[in-house]
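Structure assessment
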Amino acid sequence: MKVDVVLGLQWGDEGKGKIVDVLTPKYDVVARFQGGPNAGHSLEFGGNKYVLNTIPSGIFHEHCINIIGNGVVVDPVQLKKEIEKAETTGVDIRKNLYISEKAHVILPTHRLVDAASEAKKGVHKVGSTLRGISPTYQDKIGRSGMRIGDLIGQNFMSKYNTAVANHKILLDSLGFEYNLADHEPAFFEAVEFLKGFKIVNTEYYVNQLITDGKRVLAEGAQGTLLDIDFGSYPFVTSSNTITGGACSGLGIAPQKINKVFGIFKAYCTRVGNGPFPTEQENETGELLRKLGHEFGATTGRPRRTGWLDLPTLKYAIMLNGVTDLICTKSDVLSGFEEVMLCDSYSINGKITDELPFNLLDAEVTPQYKAFKGWSGNLSSMRTYNELPETFRTYMDFVESKIGVPVNMISVGPDREETIAK
Ligand code: IMP
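Heads up: these notes are all about the structure in this document.

What counts and how
Residues numbered from 1 in each chain as written. Predicted model: local features only at pLDDT ≥ 70, side-chain atom pairs only at ≥ 80, totals over all residues. Heavy atoms only, no water. Near = heavy atom within 4 Å. Polar contact = N/O pair within 3.5 Å; in protein donor to acceptor, adjacent residues only side chain to side chain. Areas by Shrake-Rupley, 256 points an atom, 1.4 Å probe, with all protein chains shown as cover. Buried < 20%, exposed > 50% of the residue type's maximum accessible area, 1.4 Å probe, protein only. Helix = DSSP H or I, 4+ residues; strand = E, 2+ residues; numbered from the N terminus. Pairing = 2+ DSSP bridges. Axes fitted to C-alpha atoms, helices over the stretch in contact; angles between N-to-C directions. Contact = heavy atoms within 4.5 Å. Phe/Tyr/Trp six-rings, centres within 6.5 Å; stacked < 30°, edge-to-face > 60°. Lys NZ or Arg CZ within 6 Å of the ring centre and 35° of its normal. Arc of directions from axis to C-beta. Core = buried A, V, L, I, M, F, W, Y, C linked by side-chain atoms within 4.5 Å. Parallel < 35°, antiparallel > 145°, perpendicular 65-115°, else oblique. Left-handed = near helix turned anticlockwise from the far one by under 90°. Nonpolar A, V, L, I, M, F, W, Y, C, P; charged D, E, K, R; others polar. Salt bridge = Lys/Arg side-chain N within 4 Å of Asp/Glu carboxyl O.

What about the site of the ligand?
- Around the ligand, the surrounding shell holds 16 residues, and the nearest of these are Asn38, Thr129, Thr237, Val271 and Arg301.
- Gly127 places a main-chain nitrogen or oxygen 3.3 Å from an oxygen atom of the ligand.
- Here Gln222 contributes a side-chain N or O atom positioned 3.3 Å from a nitrogen atom of the ligand.
- When isolated, the ligand has an accessible area of 470 Å², and the protein chains bury 97% of it.

Quick look at the structure:
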């Protein structure tokens, strides 16, 4: 038995939560491999909407084991809130959730350091979600982080105090005002709460599940263009969001990876700062934002919007070894008279579909191809052939340019609004 991976091919917010939820009936296990509560995976079923930040998106399926892997960073306060909310639906989280003892912990001071660093950067800020992600991964790489296993260990308080002392020096040097007493009670309460959950060596557990023939789906967060190595650095997140991250973030050997489901929106969005070649800072962009409800699931920030960008999509497919493409939010483009697609870039007068070293500094002019738009309520359609011919022409062009099949099309947020191709 092998592991399939599902991840985003753009700047996050591709609709991963919904797709994982749709795929989950075929799997016994869903395992998150990176990121933390900077993610907001939205799921809709039975007329209700749920947003998951740290809990894997398989949690609402009773048969499914959900694993928070070692590559994830966990904020106990956020996770407690999330668990309590999800429990109101009647799902037995205590039974089905496993947390890696090696996942790193986001401390209240990590969140403060995130806010202080972003404030210091002024106009050059990354536009972080301020969830403490970067400072926590910095401590992990700097070998001074705290892990979930430390929360139940004997030296918890001394490790906590050492970490906090270091963060205080940093906060003071940044001239940041804060009152830790506002944050600590909720943190310690959440630590106690998490002790009631299964904190295990998930790398052994997941490999045993694979050996036992269980079907495992590894769930990514954010998107390929936010990857720490290959994204639009420094406007990225602090983890490896690509398929390789599933190996290091769960302890799965590369040859165990089978299918890679790559999710992309029929257009592009980005939240936070950084380069975005096909961005539409005009009425078209406004309309995309309005029709697509493009506001961050975690922060509520308006997302930047633009046309589909094939050079970045091809790059993401190459890095991830995508075997199956899934297109989301196709319904949002319904009603546009003309739909544009960026086929290649002109960089210093040269046509290319290769990404330059620094997208921000390069003079990139997207080369667009115009497609006749489509209309009608795509959300009510359930088969590929029902979809407007003009939409299929657009999708066929994407497929032909990319050479990977689009196997699923999402036409709305609900589980049911999904078309297998
Ligand atoms: P951080 O991961 O909170 O440090 O934020 C770094 C950058 O990644 C910012 O531009 C964020 O807006 C962006 N980002 C982080 N998580 C997500 C996500 O789940 N969806 C979309 N953008 C994200």
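Observations concerning helix 1 (residues 16–23)
- The buried fraction of helix 1 amounts to seven of the eight residues, a majority that puts the element mostly inside the structure.
- When helix 1 is considered as a whole, its buried residues turn out to be Lys16, Gly17, Lys18, Ile19, Val20, Asp21 and Leu23.

A word on the sheet that holds strand 19 (residues 406–410)
- In space, the 10 strands of this open sheet follow the order 9-7-5-2-10-1-11-15-19-20, with mixed pairing throughout. Both edges of this open sheet fall to strand 9 (198–200) and strand 20 (418–420), since each of them pairs with a single strand only. Each adjacent strand pair in this sheet contributes to an overall mean axis angle of 20°, direction not counted.
- One ladder, built from three bridges, connects strand 5 (residues 65–68) with strand 7 (residues 97–100); its direction is parallel. Residue pairing for strand 7: Ile67 is matched across the bridge by Tyr98.

Remarks on the environment of Ser238
- Looking at the secondary structure, you find Ser238 in the loop between strand 10 (216–219) and helix 10 (243–250).
- The spacing of Ser238 and Glu281 is 43 residues in sequence and 27 Å in space, taken between C-alpha atoms.
- In this structure Ser238 touches Ser134, Tyr137 and Ile228, once residues within four positions along its chain are discounted.

Considerations on the packing of aromatic side chains
- Overall, the coordinates contain 16 aromatic pairs when judged by the stated rule.
- Seen in terms of ring centroids, Trp11 and Phe276 are 5.1 Å apart; in terms of plane orientation they differ by 50°. Their pairing is tilted. With Trp11 in the loop between strand 1 (3–8) and helix 1 and Phe276 in the loop between strand 12 (268–270) and helix 11 (283–291), the pair connects residues that are 265 residues apart, well separated along the chain.
- With a relative accessible area of 8%, Phe276 lands in the buried category.
- Through pairs of rings, three or more aromatic residues link up here, namely Phe371, Trp374, Phe391, Tyr394 and Phe397.
- When the ring centre of Phe45 is taken as origin, the NZ or CZ atom of Arg415, which lies over that ring, is 4.0 Å away.

Comments concerning the environment of Arg392
- As for its position among the elements, Arg392 is in helix 13 (residues 389–402).
- Excluding its chain neighbours within four sequence positions, the residues that come into contact with Arg392 are Tyr384, Asn385 and Leu387.

Points about helix 8 (residues 184–194)
- Buried within helix 8 we find Phe187, Ala190, Val191, Phe193 and Leu194. Looking straight down helix 8, one finds that the buried residues subtend no more than 160° of arc, so they occupy a single side. Those residues of helix 8 that are exposed and aimed more than 90 degrees away from the buried face are Pro185 and Glu192.

With respect to the nonpolar core
- Counting residues in each nonpolar core, the largest one holds 56 residues, and the members touching the most others are Phe264, Leu333 and Ile409.
- Ranked by the residues each element gives to this core, the list is headed by helix 13, at six residues.
- For Leu333, the contacting residues outside a window of four places in its chain are Ala266, Tyr267, Leu288, Trp307, Val339, Trp374 and Tyr394.

What to know about the packing of helix 4 (residues 108–121) against helix 7 (residues 156–173)
- Orientation of helix 4 relative to helix 7, taken along the N-to-C sense of each, is 15°, at an axis distance of 9 Å. One way to sum up the angle between helix 4 and helix 7 is to call them roughly parallel. You can see that helix 4 and helix 7 cross each other, and the crossing is left-handed. Counting all contacts with helix 4, which are made through Pro108, Thr109, His110, Leu112, Val113 and Ala116, the residues of helix 7 involved are Tyr160, Val164, His167, Leu170 and Leu171.
- Tallied by class, residues from the contact of helix 4 with helix 7 come to eight nonpolar, three polar and no charged.

A closer look at the pattern of salt bridges
- Tallied over the entire structure, the rule returns 21 salt bridges.
- Here Lys16 and Glu14 are joined by a salt bridge, their closest N and O atoms 2.7 Å apart. We note that Lys16, like Glu14, is buried.
- In this structure, the salt-bridge partner of Glu192 is Lys195, at a minimum N-O distance of 2.9 Å.
- The exposure class of Lys195 is partly exposed, given its relative accessible area of 37%.
- Each of Asp13, Lys265, Glu294, Arg303 and Lys329 takes part in salt bridges that share partners, so that together they form one network.

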